[in-house]
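Residue-level listing of the chains:
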Amino acid sequence: MAIPLQPQILVAHPWMGRGGSEATAMWSLHALQHVAKITFTTASPVDWDKLNSTYGTQVSPERIELLPAPRLPGVTTGTSFAYWQRAWFERFCSSVSGRFDTCISAYNPIRFSRPAIQLIGDFSFNEEARLDLYPNASEQAHHRPSLLRRLYVSVGEQLAGRTDAEIAGSGDWVVANSRWTAAVLSQRFHLPDSPILYPPSSLQSQDADDRRDPLGFVCMGRITPEKEVETIIGILDRVRSAGHAVTLDLVGHFGGDEYSAKIRSMAEERNKWIRLTGFLDPQKKEELFSTRNFGIHACRVEAFGIAVAEMAAAGLIPFVPADGGVGEIVGRDQLIFRHAEDAAEKICRMIESSAAQAELRRSLRTEVTRFRPERFAENLVEIVQDFMGRDLAKA
């Protein structure tokens, strides 16, 4: 009996930086490398050892064909002319898609000129959604609605070679990363019944709870306006004013932009209790998380929030905003805040209820196992099999 040939699958990510979509891309490659012939395309440099170390994957370079995508002149980072570079990347993906049996976008819609699987990470890809959903969408001058901005977006559409403004082509499967994302896709883009694939959270649980600083907080993520780090600092200012000498470790990369400078300045003014750690590798992150008690997140448009899932898995008790998808991770009103005053009150209440913390920590650890990478891998393979209408067999 002849063994069926493995399908040729293209996995695409416009630029591999450090974040949730990169984790999704790496675990997609990890999940599919033994059941299909995988080609990975991105415009960024690829260091497999560093990526595997960062995301806890075991992607084998021998099993992945790397297809470098072209960059626009002068583009050297994922934030340089990002809209145009992504559009240029989309045009490239469309030009090569015919070589493959299936195409997967690991981060937001890419028009491949054929039916494909689209993994939605956020709504930054759509100008109207970005302006409506992101509370601080216009904080950066070059993102504010203007004739220049409209021209910039219009040129991007031309670079991509699109003929319509729809986010999905005929036959595409658009996959949400949370119930909140699925609801936005249904209400705003008329894409009901999107399957949900929760992103992979790979941080291991820590059990040494006796080492935890009872007043230690962690915030983890990119230092960008949508993360609303200034809100977190303001909330903890309130908590400290209420008599609780909390501390904060800011885990994330600071750039040379205006917002990073603002947060750095706020932290320096509070250097007795705020520490800037920069980006941490998995081992250092686990070490830090095992010695802190709480996590805090303020992004109101977070479609999922891998950072929050990792904090909960590591034994931190995370406080999160009511907006976006992060509430699905913690699932408890006592940890979900509506505004800064509400957040400070709930944090003070939790600090003063130390007896309840151990049980809460244990239950959160158990519940976030549904975001384990192994579950993501299994569910992704099922989605690909359903999309292709065939089983995928290991080589």
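These numbers were taken from a predicted model, which means no experiment stands behind them.

K.L.:
Just give me the short version of the overall build of the protein, but keep the residues and values in it.
P.N.:
In terms of regular secondary structure, the protein is built from 14 helices and 12 strands. Relative to the 2.2 N^0.38 estimate, which gives 21 Å for 395 residues, the radius of gyration of the protein is 21 Å and therefore close to what a compact globule would have. Reported as C-alpha extents along the three principal axes, the dimensions of the protein are approximately 65 × 60 × 40 Å. Within the protein, the fraction of its 395 residues that count as buried is 55%. The contacts of the protein with a sequence gap of at least 6 include a subset with a gap of at least 24, amounting to 70%. Accessible surface for the protein amounts to roughly 17800 Å². Of this, 50% is attributable to carbon and sulfur atoms. Between the averaged position of the 44 positive side-chain charges in the protein and that of its 49 negative side-chain charges there is a distance of 2 Å.

K.L.:
Explain the pattern of salt bridges to me, using residue names and the numbers behind them.
P.N.:
Taken as a whole, this structure holds 18 salt bridges when the rule is applied. The partner of Glu-226 in a salt bridge is Arg-222, with the nearest N and O atoms 3.4 Å apart. Look at the salt bridges and you will find they share partners, linking Asp-333, Arg-338, Asp-342 and Lys-346 into a network.

K.L.:
I'd love a proper account of the nonpolar core, names of residues and values included.
P.N.:
Ranked by size, the top nonpolar core spans 92 residues in total, and within it Leu-32, Leu-236 and Leu-248 carry the most contacts. Ranked by size, the runner-up nonpolar core spans 20 residues in total, among them Leu-67, Val-75, Cys-93 and Leu-159.

K.L.:
Any details on helix H7 (residues 229-241)? Residues and values, ideally.
P.N.:
Here H7 spans 19 Å end to end across 13 residues, near enough to the 18 Å set by a 1.5 Å rise per residue. The set of residues buried in H7 consists of Val-229, Glu-230, Ile-232, Ile-233, Ile-235, Leu-236 and Val-239. One or two steps after H7, the chain reaches Gly-243, where phi turns positive at roughly 105°.

K.L.:
Break down the UniProt feature "domain: Glycosyl transferase family" (unreviewed entry) in the protein for me, with residues and values.
P.N.:
In the numbering used here, UniProt assigns the "domain: Glycosyl transferase family" (unreviewed entry) feature to residues 214-363. A helix fraction of 45% and a strand fraction of 18% characterise residues 214-363, whose end C-alpha atoms lie 18 Å from each other.

K.L.:
Kindly report on the sheet that holds strand S12 (residues 336-337), identifying the contributing residues and their values.
P.N.:
The pairing of strands in a sheet happens through backbone hydrogen bonds and is either parallel or antiparallel. Reading across the sheet, the 6 strands line up as S9-S8-S7-S10-S11-S12 and stay open at both edges, with parallel pairing between neighbours. Lying at the two open borders of the sheet, with one neighbouring strand each, are strand S9 (274-276) and S12. One ladder, built from 5 bridges, connects strand S7 (residues 213-220) with strand S8 (residues 247-251); its direction is parallel. Paired with Val-218 across the strands is Asp-249, a residue of S8.

K.L.:
Provide a residue-level description of helix H6 (residues 179-189), including the pertinent values.
P.N.:
When we look at burial in H6, the residues that qualify are Trp-180, Thr-181, Ala-182, Val-184, Leu-185 and Phe-189. Buried-residue contacts for H6 involve helix H4 (127-133), strand S6 (173-175) and helix H11 (327-330). Where H6 ends, the next residue or the one after it, His-190, has phi of about 55°, a positive value.

K.L.:
Describe the sheet that holds strand S4 (residues 102-105), naming the residues involved and giving the relevant values.
P.N.:
The 6 strands lie next to each other as S3-S2-S1-S4-S5-S6, forming an open sheet whose pairing is parallel. The open sheet has two free edges, formed respectively by strand S3 (64-68) and S6, since each of these has just one partner strand. Pairwise comparison of adjacent strand axes, ignoring direction, gives a mean angle of 20° for this sheet. In this sheet, strand S2 (residues 37-42) lies alongside strand S1 (residues 8-12) in parallel orientation, the contact comprising 5 bridges. Note that in S2 the partner of Leu-10 across the bridge is Thr-39.

Rules and cut-offs
- Residues numbered from 1 in each chain as written.
- Predicted model: local features only at pLDDT ≥ 70, side-chain atom pairs only at ≥ 80, totals over all residues.
- Heavy atoms only, no water.
- Helix = DSSP H or I, 4+ residues; strand = E, 2+ residues; numbered from the N terminus.
- Rg over C-alpha atoms; globule rule 2.2 N^0.38 Å.
- Buried < 20%, exposed > 50% of the residue type's maximum accessible area, 1.4 Å probe, protein only.
- Contact = heavy atoms within 4.5 Å.
- Areas by Shrake-Rupley, 256 points an atom, 1.4 Å probe, with all protein chains shown as cover.
- Lys, Arg positive; Asp, Glu negative; His and termini not counted.
- Charge placed at Lys NZ, Arg CZ, Asp CG, Glu CD.
- Salt bridge = Lys/Arg side-chain N within 4 Å of Asp/Glu carboxyl O.
- Core = buried A, V, L, I, M, F, W, Y, C linked by side-chain atoms within 4.5 Å.
- Expected span 1.5 Å × (residues − 1).
- UniProt positions renumbered as here; feature names shortened; annotations may be inferred.
- Pairing = 2+ DSSP bridges.
- Axes fitted to C-alpha atoms, helices over the stretch in contact; angles between N-to-C directions.

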